[in-house]
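Residue strings, one per chain:
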Amino acid sequence: MTPQGRRAAGRALAFLFLFCTPACAAHQPVAPRTSAEPIARTVAPSTAPVPPRGRDDEPDEDDGRISTPVAPASARDAKKGVAIQRGRATYYADKFNGRATASGERYNPRALTAAHRTLPFGALVDVIRRDGRRVRVRINDRGPFKRGRIIDLSRRAAERIGLIKDGVTDVTLELIWKPSRRPR
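Thresholds, definitions, all that
Residues numbered from 1 in each chain as written. Predicted model: local features only at pLDDT ≥ 70, side-chain atom pairs only at ≥ 80, totals over all residues. Heavy atoms only, no water. Helix = DSSP H or I, 4+ residues; strand = E, 2+ residues; numbered from the N terminus. Buried < 20%, exposed > 50% of the residue type's maximum accessible area, 1.4 Å probe, protein only. Contact = heavy atoms within 4.5 Å. Areas by Shrake-Rupley, 256 points an atom, 1.4 Å probe, with all protein chains shown as cover. Core = buried A, V, L, I, M, F, W, Y, C linked by side-chain atoms within 4.5 Å. Salt bridge = Lys/Arg side-chain N within 4 Å of Asp/Glu carboxyl O. Phe/Tyr/Trp six-rings, centres within 6.5 Å; stacked < 30°, edge-to-face > 60°. Lys NZ or Arg CZ within 6 Å of the ring centre and 35° of its normal. Pairing = 2+ DSSP bridges.

Draft legend 1. Broad picture of the overall build of the protein chain. On a plain count of helices and strands, the protein chain comes out with three helices and seven strands. Walking the protein chain from its N terminus toward its C terminus, one meets helices and strands in the order α-β-β-β-β-β-β-α-α-β. Put simply, the protein chain has 184 residues, and 34% of those count as buried. Relative to all contacts within the protein chain whose residues are 6 or more apart in sequence, the contacts with residues 24 or more apart total 73%. Counting every atom, the protein chain has about 11800 Å² of accessible surface; 56% of that belongs to carbon and sulfur.

Draft legend 2. Looking closely at the nonpolar core. Ranked by size, the top nonpolar core spans 21 residues in total, and within it Val-127, Val-137, Ile-151, Leu-153 and Leu-173 carry the most contacts. Listing elements by their share of this core, those giving two or more residues are strand S2 (83-91), strand S4 (124-129), strand S5 (134-141), strand S6 (149-153), helix H2 (155-160) and strand S7 (169-177). Those residues in contact with Leu-153 that sit more than four places away from it in its chain are Thr-90, Tyr-91, Tyr-92, Thr-113, Ala-114, Val-127, Val-137, Ala-158, Ile-161 and Leu-163.

Draft legend 3. The arrangement of the environment of Ala-157 in detail. Positionally, Ala-157 belongs in helix H2. Residue Ala-157 is classed as buried on the basis of its relative accessible area of 0%. Counting along the chain gives 44 residues from Ala-157 to Thr-113, while the straight-line C-alpha distance between them is 7.1 Å. Once you skip the residues sitting within four places of it in the chain, Ala-157 turns out to touch Leu-112, Thr-113, Val-135 and Val-137.

Draft legend 4. The pattern of salt bridges, seen in detail. Applying the stated criterion to the full structure yields nine salt bridges. Among the ionic pairs, Arg-88 bridges to Asp-170, the shortest N-O distance being 3.7 Å. Of the two residues, Arg-88 is situated in strand S2 and Asp-170 in strand S7; the sequence distance between them amounts to 82 residues. Three or more residues joined by partner-sharing salt bridges are found here, namely Arg-88, Arg-130 and Asp-170.

Draft legend 5. Local environment of the packing of aromatic side chains. Counted under the stated rule, the structure contains two aromatic pairs. Consider the rings of Tyr-92 and Phe-96, whose centres lie 6.1 Å apart with planes at 75 degrees: the pair is edge-to-face. Judged by its relative accessible area of 8%, Tyr-92 is buried. Each residue in the set Tyr-92, Phe-96 and Tyr-107 is aromatic and connected to the rest through ring pairs, giving one cluster. Above the plane of the ring of Phe-121 lies Arg-142, whose end atom (NZ or CZ) is 4.2 Å from the centre.

Draft legend 6. A look at the pairing of S7. With seven of its nine residues buried, S7 lies for the most part within the structure. The sheet contact formed by S2 and S7 spans six bridges and is antiparallel. Each bridged residue has a counterpart across the sheet, and for Arg-88 the counterpart in S7 is Asp-170. In terms of strand pairing, S4 meets S7 through six bridges, oriented antiparallel.

Structural data, given as structure tokens:
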């Protein structure tokens, strides 16, 4: 192989490593639920004291926690009215105002909408904080794609549960309604 051919092959490998590896690592497999016990329909406020915020618990930082499924592996197969996932929630930055979402509609920070990786567009989900504050949102986008985060809320939804000050918080998602599958 000529030196130019080796350089070209090296560039191709570097490109694949740098740009394809992060995309593959962004997807998390969701383990199936092993227990046959039903999940409680209500979420009791936590009585445990909240640990003080440390240096690695800043809103812009991610501590690598993985979202915990509490229902069937696929959110599309989850039953309505039950908790389906626990993890961390964030909210959209103001710079996304007016940009197209994955569903095709424009992002409106005043609407009660959210982004989720697997729930169908139009699904209604209650986002519940540990302290019991909740907001009902409609899924209209895909994301978040950062490890450990399960939902991105619109600004208005984040304000309703007090997420603006925290930036990132632990939540439980409860499926309220999902659109029926289209007939084939």
